[in-house]
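# Breakdown of the fold
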Amino acid sequence: MPTTIDVFEKARTHERVAQLHAAGEVDLIPYFRRLESATAPVVEMEGRARIMLGSNNYLGLTSDPRVLQAAHDAIDRYGSGVTGSRLLNGTLDIHLELEAELADWLGTEAAIVYTTGHHANLGAIGTILGPGDTVIVDSGDHASILDGVLLSRAKMRPFRHNRLDLLERRLQQAESDGGGVLVVVDGVFSMEGDVAPLHEIADLSERYGARLMVDEAHGLGVLGARGAGASELLGVEDRVDLRMATFSKSLASCGGVIAGPADVIDFLRIQSRPFLFTASGVPAAVGSALAATRICRSDEGPALFASVLDNASYLNRGLHALGFHVVEPTALPDGTTVTTPVVPVLVGDDWRAAFLWKALYDAGVFVNLALHPAVPPGGALLRTSVMATHERATLDEALATFERVKRDFEAEHGPLPSPA
Ligand SMILES: Cc1ncc(COP(=O)(O)O)c(C=O)c1O
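As the structure is a computational prediction, the values presented were derived from the model and not from experiment. (Residues numbered from 1 in each chain as written. Predicted model: local features only at pLDDT ≥ 70, side-chain atom pairs only at ≥ 80, totals over all residues. Heavy atoms only, no water.)

### What to know about unusual backbone geometry
The step from His372 to Pro373 runs through a cis peptide bond, and the omega angle for that step is 10°. The backbone of Thr83 shows a phi angle near 50°, a positive value even though the residue is not glycine. Examined against the element boundaries, Thr83 turns out to sit in the loop between α3 (65-78) and α4 (93-106). Positioned with a positive phi, Arg153 is a non-glycine residue whose angle comes to about 60°. With respect to the element layout, Arg153 can be found in the loop between α6 (143-152) and β5 (155-159). Take Arg153: its relative accessible area is 61%, and that puts it in the exposed class. (Helix = DSSP H or I, 4+ residues; strand = E, 2+ residues; numbered from the N terminus. Buried < 20%, exposed > 50% of the residue type's maximum accessible area, 1.4 Å probe, protein only.)

### Thoughts on the environment of Ala321
Note on placement: Ala321 falls in helix α13 (residues 301-321). Spatially, the C-alpha atom of Ala321 lies 8.8 Å from that of Pro419, the residues being 98 residues apart in sequence.

### Section: the sheet that holds strand β7 (residues 211-215)
Sheet architecture is open: seven strands sit in the order β3-β9-β8-β7-β6-β4-β5, paired in mixed fashion. Taken across any chain shown, the strands that pair with only one partner, and hence form the sheet edges, are β3 (110-114) and β5. Taking each pair of neighbouring strands and ignoring which way they run, the sheet shows an average axis angle of 20°. Of the strand pairs in this sheet, strand β6 (residues 181-186) and β7 are connected by five bridges, and their pairing is parallel. Pairing of Asp186 across the sheet is with Asp215, part of β7. With respect to the sheet, α4 is in contact with β3, β8 (242-246) and β9 (256-260), its orientation differing from that of β3 by roughly 130°. Across the sheet, helix α7 (residues 164-174) touches β4 (134-138), β5 and β6, and the angle it forms with β5 is around 160°. (Pairing = 2+ DSSP bridges. Axes fitted to C-alpha atoms, helices over the stretch in contact; angles between N-to-C directions. Contact = heavy atoms within 4.5 Å.)

### Observations concerning the site of the ligand
Neighbouring the ligand are 16 residues; Gly117, His118, Asp215, His218 and Thr246 lie closest to it. In the model, an oxygen atom of the ligand is placed 2.7 Å from a nitrogen or oxygen of the Gly117 main chain. The contact in question runs from an oxygen atom of the ligand to an N or O atom on the side chain of Lys249, over 3.1 Å. Starting from 390 Å² of accessible surface for the ligand in isolation, the protein chains cover 84%. At the level of secondary structure, the elements contributing two or more residues to the shell around the ligand comprise α5 (117-128) and β8. (Near = heavy atom within 4 Å. Polar contact = N/O pair within 3.5 Å; in protein donor to acceptor, adjacent residues only side chain to side chain. Areas by Shrake-Rupley, 256 points an atom, 1.4 Å probe, with all protein chains shown as cover.)

### Considerations on the nonpolar core
Leu53, Leu102, Val183, Val185, Leu319 and Leu382 are the most contacted members of the largest nonpolar core, which has 101 residues in total. Element by element, the count of residues in this core is highest for helix α12 (residues 283-297), at seven residues. Contact partners of Val183, with chain neighbours within four places excluded, come to Ile136, Leu167, Leu171, Ile201, Ser205, Ala210, Arg211, Leu212 and Met213. (Core = buried A, V, L, I, M, F, W, Y, C linked by side-chain atoms within 4.5 Å.)

### Some points on the packing of α7 against helix α8 (residues 198-207)
Packing of α7 against α8 brings their axes to within 10 Å, and their N-to-C directions diverge by 15°. By the angle between their axes, α7 is roughly parallel relative to α8. The two elements α7 and α8 cross, and the hand of that crossing is right-handed. Contact with α7, carried on its side by Leu164, Leu167, Glu168 and Leu171, involves Glu200, Ile201, Leu204, Ser205 and Arg207 of α8 and no other residues of that element. Residue composition of the contact of α7 with α8, by class: five nonpolar, one polar and three charged. (Parallel < 35°, antiparallel > 145°, perpendicular 65-115°, else oblique. Left-handed = near helix turned anticlockwise from the far one by under 90°. Nonpolar A, V, L, I, M, F, W, Y, C, P; charged D, E, K, R; others polar.)

### A look at the state of the cysteines
Note: disulfide means a covalent bond formed between the sulfur atoms of two cysteine side chains. Inspection of the entire model under this criterion finds zero disulfides. Of all cysteine sulfurs in the structure, the one in Cys254 sits closest to Cys296, which takes part in no disulfide; the separation is 17 Å. With a relative accessible area of 2%, Cys296 lands in the buried category. (Disulfide = S-S within 2.5 Å.)

### Digging into the pairing of strand β1 (residues 42-45)
The side-chain alternation of β1 yields one buried face, formed by Val43 and Met45, and one unburied face, formed by Val42 and Glu44. Sheet analysis places β1 next to strand β2 (residues 48-52), joined by four bridges and oriented antiparallel. By the bridge assignment for β2, Glu44 is matched with Ala49. Connecting β1 to the antiparallel partner β2 that follows it, the hairpin turn spans two residues, and Glu46 within it adopts a positive phi of roughly 45°.

### Comments concerning the packing of α4 against α12
Running from N to C, α4 and α12 point in directions that differ by 30°, and their axes come no closer than 10 Å. Here α12 runs roughly parallel to α4, going by the angle between their axes. Two packed elements cross with a definite hand, and for α4 against α12 that hand is left-handed. Of α12, the residues touching α4 (which contributes Ile94, His95, Glu97, Leu98, Glu101, Leu102, Asp104 and Trp105) are Pro283, Val286, Gly287, Ala289, Leu290, Thr293, Arg294, Cys296 and Arg297. For the contact of α4 with α12, a count of residues per class yields nine nonpolar, three polar and five charged.

What follows is the structure in structure tokens.
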């Protein structure tokens, strides 16, 4: 008998569809807003200039003339696309150059470049782990890590964000699972902006015989003297077994990388489905990522890393002083603190967060709105982020806007969460 179940039904009845329609009627949807210029400190968006506090262009390199020239040169030399996978006709010499450059930067034996960062997590986790294995993840880990776990069909044991006691319990529970164990954490958490306690995580992983993988998407080109990420900042590079990073943030392009031991990287080259069964990164993306990598590794790198971190601290302190509940800077083992370029403003309720987002947008400041499942239920936040190229005057203008908007918002909707 033919089925009466229509697989499209969920598209009509999903709870978010009704919410989206309701929000759309009052122009309250924060997503898919139309950008009409390059991603810069101030952008053209839907017909007017707005301060961009919602990009991951941490070093501002998407407009750097050398990065742009490298993209043009790559197009001139190799054309617009590769029309095939790395395995077959899609490996260019610049893919290999980029892999060598990234391995050298991260201090690993080898590296493999994927078409996106999402593919990199999918490819590494989905290939290294199998159905008999266990993967232990922080609840704040990026969605692409969870997608990799799904692909692997390994047993997932999540622990609450940064709760090392729960990580240890998961490691103990994994002992009776019978397979290998991989711990995967973000070095910098993409929504919270805090840095993972990698020292303690490495200690625990070693104690229980687990391998450790760190996603450096938001740390590469930002943290550490060489800009090699949270693992460098915390001095655990030699204790992290695999490092993942993306080119879609500091490296001003699109693509992803897994860096680690040569035998594991070689295994990924021949077994990793998201590497083998998709077209490789287009020449312009690879050329620009290579140029951005070289800028990070040049004498200019440290000044750029310092600028973005300085801007992050400035925005964090400014928002705190205005009475917003921003995530505290992360305390480091040496007694100092670090504020990453991700500076979240906690709001709590979804609708209140959406109204606050819209008020800022209308006043000329673009930020990102993070709702469940990107954050825990009831944990809606405005994710602000800075670039090395934001001028102080621009950040001051944004802060003045936040102040005005807060006053008007609270007069109408009641108080926002205040600093902890
Ligand atoms: C922590 C983290 N990992 C992985 C990714 C995926 O990277 P990509 O944008 O290159 O697919 C992102 C991007 O949003 C991220 O924030």
